[in-house]
Amino acid sequence: MTNTELLTRADVLRHRRTPFVLATVVHAERPTSAKPGDSALVLPDGTIEGFVGGTCAETMVQMQGLRVLQTGESLLLRITPTAGSGPEGAREPGEGLVTVANPCLSGGTLDIFLEANLPPALAHVYGHAPIARALLDVGRILGLDARPASPGEQLPPDLDVVVIATHGRDEEPVLLEAARAGVPYIGLVASPKRGAAVLAGLDLTEEQRVRVHTPAGLDIGARTPAEIALSVYAEIIALRPQKARAARPGTDTAAPQAVAEVVDPVCGMTVAITPATLSLDRAGTTVYFCGPGCQHAFADDPSRYAHA
């Protein structure tokens, strides 16, 4: 896969709102098979598309890439045979730099930048009046994926925000659907009296009801459509830490799951458990490996690695 093909593939993933990590080799010390400029994509299922080095480098990029998808924080990964004791090496004092030991016989050092590419928060705005238009404009300025929506449209599973500014039209069906779908933030633009009356008439559980905010937005004395939109997004930003910790019912898009990790009994490298991870069944236990070399060594003489 050429770099042009890789970037085209990255654009497709962004369009589909699929999170990924772009791994780019920025420094190489021989002997290494990768060279500066080589790059690859790490997908949520652990798939790697592209080239950033041999088996050991690819396994480490996969592991750290999945961690980056979990945290959302980019980092510089240094793979070197002189990374101290232990299979995982040590985290450097400098923030954003992780050093891991390379157990492969080839040696060499690679510095690989792992850039998190997470889809922006997805917001659906209902309505056509000035406040709704301002919600779309301000949301996009803030970096959200703010889209106009209409009642009856199917809600995507990764929807983060629903704001209803229809001024009394078709509010209840949208509120019910969004609340029952587990959308983290639901805002109804209305007066305190009307908003309370609408909310009281909805057949919702208490857990669903607390996600509905009406009047939507913080009380900052907003008057104009743009100011009202600003107050709504200010409330969304203020609530973001709590909402990020709340798992969406029936989905895995709100709270990233911890990466399942095991140690290769042959080389001692920590590997991520993915559908593509090499493995063998041994006495009812699944043993995972960083690459075919370790898998073959274990298969030839399992008793040699019984201590692991």
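**Side note on the environment of isoleucine 164**
Step number 1: When you line up the elements, isoleucine 164 lands in strand E9 (residues 159-164).
Step number 2: Through-space distance from the C-alpha of isoleucine 164 to that of alanine 190 is 8.9 Å; in sequence the pair is 26 residues apart.
Step number 3: Not counting chain neighbours up to four residues away, the residues in contact with isoleucine 164 comprise Tyr126, Glu171, Val174, Leu175, Gly187, Leu188 and Val189.

**Considering the pairing of strand E2 (residues 39-42)**
Step number 1: A two-sided burial pattern is seen for E2, the buried positions comprising Ser39 and Leu41 on one face and Ala40 and Val42 on the other.
Step number 2: Two strands pair when backbone bridges link them, and strand E1 (residues 20-29) and E2 are joined in this way by four bridges, in the antiparallel orientation. Within E2, the position partnered with leucine 22 by the bridge is leucine 41.
Step number 3: As defined by bridge partners, E2 adjoins strand E3 (residues 48-50) across three bridges and the pair is classed as antiparallel. Looking across to E3, one finds that leucine 41 is bridged to glutamate 49.
Step number 4: Remark: five residues form the turn of the hairpin made by E2 and E3, two consecutive strands paired antiparallel; glycine 46 in that turn has positive phi of roughly 90 degrees.

**Considering the pairing of E9**
Step number 1: Among the six residues of E9, five are classified as buried, and the element is accordingly described as predominantly covered.
Step number 2: Bridging between strand E7 (residues 122-126) and E9 involves five bridges; their strand directions are parallel. Note on E9: the bridge partner recorded for histidine 124 is valine 162.

**What to know about the pattern of salt bridges**
Step number 1: Going through the model one piece at a time under the given rule, you end up with 10 salt bridges.
Step number 2: A salt bridge links aspartate 145 to arginine 147; its shortest N-O distance comes to 2.8 Å.
Step number 3: For arginine 147, a relative accessible area of 33% puts it in the partly exposed group.
Step number 4: Ionic pairing is found between aspartate 203 and arginine 180, a salt bridge with its closest N-O pair at 3.9 Å. In this pair, aspartate 203 is assigned in the loop between helix H5 (192-200) and helix H6 (206-209) and arginine 180 in helix H4 (residues 171-180), connecting sequence segments 23 residues apart.
Step number 5: Within the structure, one salt-bridge network assembled from shared partners comprises Arg17, Asp145, Arg147 and Asp158.

**Quick word on the sheet that holds E7**
Step number 1: On the basis of which strands lie adjacent, the open sheet formed by five strands has the order E8-E7-E9-E10-E11 and parallel pairing. Among the strands making up the open sheet, the edge pair consists of strand E8 (145-149) and strand E11 (212-213).
Step number 2: The strands touched by helix H3 (residues 130-141) are E7, E8 and E9; relative to E8, the strand with the most contacts, the crossing angle is about 160 degrees.

**Quick word on the side chain of threonine 274**
Step number 1: By the secondary structure assignment, threonine 274 is in the loop between strand E13 (270-272) and strand E14 (278-282).
Step number 2: For threonine 274, a relative accessible area of 9% gives the class buried.
Step number 3: When neighbours within four sequence positions are excluded, threonine 274 is seen to be in contact with Asp45, Gly46, Gln62 and Leu66.

**Some points on H3**
Step number 1: Relative to the 16 Å expected for 12 residues at 1.5 Å per residue, H3 spans 16 Å between its end C-alpha atoms, a close match to the ideal helical length.
Step number 2: One or two residues past the end of H3 sits glycine 143, with phi positive at roughly 95 degrees.

**Observations regarding the sheet that holds E3**
Sheet strands line up and pair through hydrogen bonds in the backbone, either parallel or antiparallel.
Step number 1: Spatially, E3-E2-E1-E6-E4-E5 is the arrangement adopted by the six strands of the open sheet, whose pairing is mixed. Every interior strand has two partners, whereas the edge strands, E3 and strand E5 (97-101), have only one. In this sheet, neighbouring strand axes are inclined to one another by 25 degrees on average, regardless of whether the strands run parallel or antiparallel.

**Comments concerning the confidence of the model for the protein**
Step number 1: Taken residue by residue, the protein gives an average pLDDT of 87. The fraction at 70 or more is 89%.
Step number 2: This model gives residues 85-93 a pLDDT under 50, and the stretch forms 20 contacts once residues within four places in sequence are excluded.
Step number 3: In the predicted structure, residues 243-256 sits below a pLDDT of 50 and forms 22 contacts with residues beyond four places in sequence or in another chain.

Criteria and thresholds
- Residues numbered from 1 in each chain as written.
- Predicted model: local features only at pLDDT ≥ 70, side-chain atom pairs only at ≥ 80, totals over all residues.
- Heavy atoms only, no water.
- Helix = DSSP H or I, 4+ residues; strand = E, 2+ residues; numbered from the N terminus.
- Contact = heavy atoms within 4.5 Å.
- Buried < 20%, exposed > 50% of the residue type's maximum accessible area, 1.4 Å probe, protein only.
- Pairing = 2+ DSSP bridges.
- Salt bridge = Lys/Arg side-chain N within 4 Å of Asp/Glu carboxyl O.
- Axes fitted to C-alpha atoms, helices over the stretch in contact; angles between N-to-C directions.
- Expected span 1.5 Å × (residues − 1).
- pLDDT = per-residue confidence, 0-100.

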